[in-house]
Amino acid sequence: MPDLTPDPDGPPGPGGGLDYWDARHRERDELASGGHIGLDRPGNELFYALRLGTLLGLVGDLSSPVAPLFVLDAGCGKGWFARALARCGHRVDAFDGSEEAIDRAREAGGGPRYTRSRLDAWRSPWPYDIVLCVDVLFHLLDDTEWAAALRNLASLVRLTGRLIVTDEDTAVPRPRGDYILHRPTAAYRAVLEPLGLRHTEFRPYGFREIEVGFHVFTRIR
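Keep in mind the model is a prediction, meaning the values are calculated, not measured.

Sorry, what's going on with the confidence of the model for the protein chain here?
Should pLDDT be low for a region, the predicted coordinates there are not to be read in detail. With 90% of its residues at a pLDDT of 70 or more, the protein chain has an overall mean of 88. Across residues 1-15, where pLDDT falls below 50, the model places 66 contacts with residues more than four positions away in sequence or in other chains.

Following this line, the structure appears as structure tokens:
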């Protein structure tokens with residue numbers, strides 16, 4: 001359920017609720033429902049393509065037909081990134097808390113296996129090479145909920161695997177509107193480093209005024 005700018009209609013409460021996200025995924029197209037609501041469709045197409053190109057540069061080309069990368073797209077929305085990664089040959093699991101989003105993702109197909117789940121509740125019988133969470137965590141305004149989600153995502157990363165999450169690279173908390181809170185990079189490190197993940201890169205989107213980018217954490221133990 002990603003977004004980068006406040007919705008003029010606004011969610012019903014802090015961080016939005018599932019009713020809000022279900023309605024948003026039902027009423028908006030596959031890009032605007034999980035993209036930048038301040039952009040028209042051509043703008044969102046460019047925004048998605050730019051992020052995908054950056055993401056593929058971070059994921060690398062280690063996949064092959066006999067040894068694909070196992071990827072988890074956490075908070076996948078309608079599955080745009082999950083489908084794109086599957087087209088690149090990766091084996092992709094994806095989940096989202098919105099039933100509407102998951103229904104639409106399943107209708108689109110494209111290879112990923114979709115499940116409905118909260119960020120802090122997803123469990124897997126195997127670890128992943130890449131765990132991805134694009135433009136979701138900064139919608140969790142409650143610090144306890146945010147930390148629980150981040151810890152759970154970290155638990156799913158195999159040794160030498162990577163957790164890739166998106167936020168600003170800021171030294172101080174930055175609330176934006178009623179349901180976005182950008183947290184300091186140090187807050188992410190404080191949760192993840194004790195769990196064996198080291199912050200290895202921040203790569204900004206580099207798109208217009210947006211200050212969000214990809215934070216890469218690599219499991220070292």
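Additional details are given in the paragraphs that follow.
Sorry, what's going on with the pattern of salt bridges here?
Any two side chains of opposite charge can pair if their charged atoms end up close together. Counting across every chain of the model gives 14 salt bridges. The salt bridge involving Arg41 is made with Glu45; its shortest N-O contact spans 3.3 Å. Pair noted here: Arg41 and Glu45 are both in helix H2 (residues 41-59), with a separation of four residues, about one helical turn. The exposure class of Arg41 is partly exposed, given its relative accessible area of 34%. The closest approach of N and O atoms between Arg113 and Asp93, which form a salt bridge, is 2.8 Å.

What is the right way to look at the packing of helix H5 (residues 143-155) against helix H6 (residues 185-192) in this model?
Think of two packed helices as two axes; the pair is described by the angle between the axes and how far apart they sit. Running from amino to carboxyl end, H5 crosses H6 at an angle of 55°, the nearest separation of the two axes being 10 Å. For the element pair H5 / H6, the angle class is oblique. The hand of the H5/H6 crossing is right-handed. Two secondary-structure elements touch here, H5 through Trp146, Ala147, Leu150, Arg151 and Ala154 and H6 through Ala187, Tyr188, Val191 and Leu192.

Help me understand the packing of aromatic side chains, please; the structure alone is not making it clear to me.
Two measures describe an aromatic ring pair: the distance that separates the ring centres and the angle between the ring planes. As enumerated under the stated definition, the model contains nine aromatic pairs in all. Seen from their ring centres, Phe95 and Trp122 are 5.2 Å apart, and the 15° between their planes marks the pair as stacked. Here Trp122 lies in the loop between strand E3 (113-116) and strand E4 (128-133) and Phe95 lies in strand E2 (residues 91-96), a separation of 27 residues in the sequence. With a relative accessible area of 0%, Phe95 lands in the buried category. With a centroid separation of 5.0 Å and an interplanar angle of 85°, the aromatic rings of Trp146 and Tyr188 are classed as edge-to-face. With Trp146 in helix H5 and Tyr188 in helix H6, this residue pair connects regions lying 42 residues apart in the sequence. In terms of burial, Trp146 and Tyr188 fall into one category: buried. Taken together, Phe47, Tyr205, Phe207 and Phe214 form an aromatic cluster joined through their ring pairs. The side chain of Arg51 reaches across the aromatic face of Phe47, ending 3.8 Å from its centre. A cation over a ring is seen here: Arg51 above Tyr48, with NZ or CZ 4.5 Å from the ring centre.

The rules behind the values
Residues numbered from 1 in each chain as written. Predicted model: local features only at pLDDT ≥ 70, side-chain atom pairs only at ≥ 80, totals over all residues. Heavy atoms only, no water. pLDDT = per-residue confidence, 0-100. Contact = heavy atoms within 4.5 Å. Salt bridge = Lys/Arg side-chain N within 4 Å of Asp/Glu carboxyl O. Helix = DSSP H or I, 4+ residues; strand = E, 2+ residues; numbered from the N terminus. Buried < 20%, exposed > 50% of the residue type's maximum accessible area, 1.4 Å probe, protein only. Axes fitted to C-alpha atoms, helices over the stretch in contact; angles between N-to-C directions. Parallel < 35°, antiparallel > 145°, perpendicular 65-115°, else oblique. Left-handed = near helix turned anticlockwise from the far one by under 90°. Phe/Tyr/Trp six-rings, centres within 6.5 Å; stacked < 30°, edge-to-face > 60°. Lys NZ or Arg CZ within 6 Å of the ring centre and 35° of its normal.

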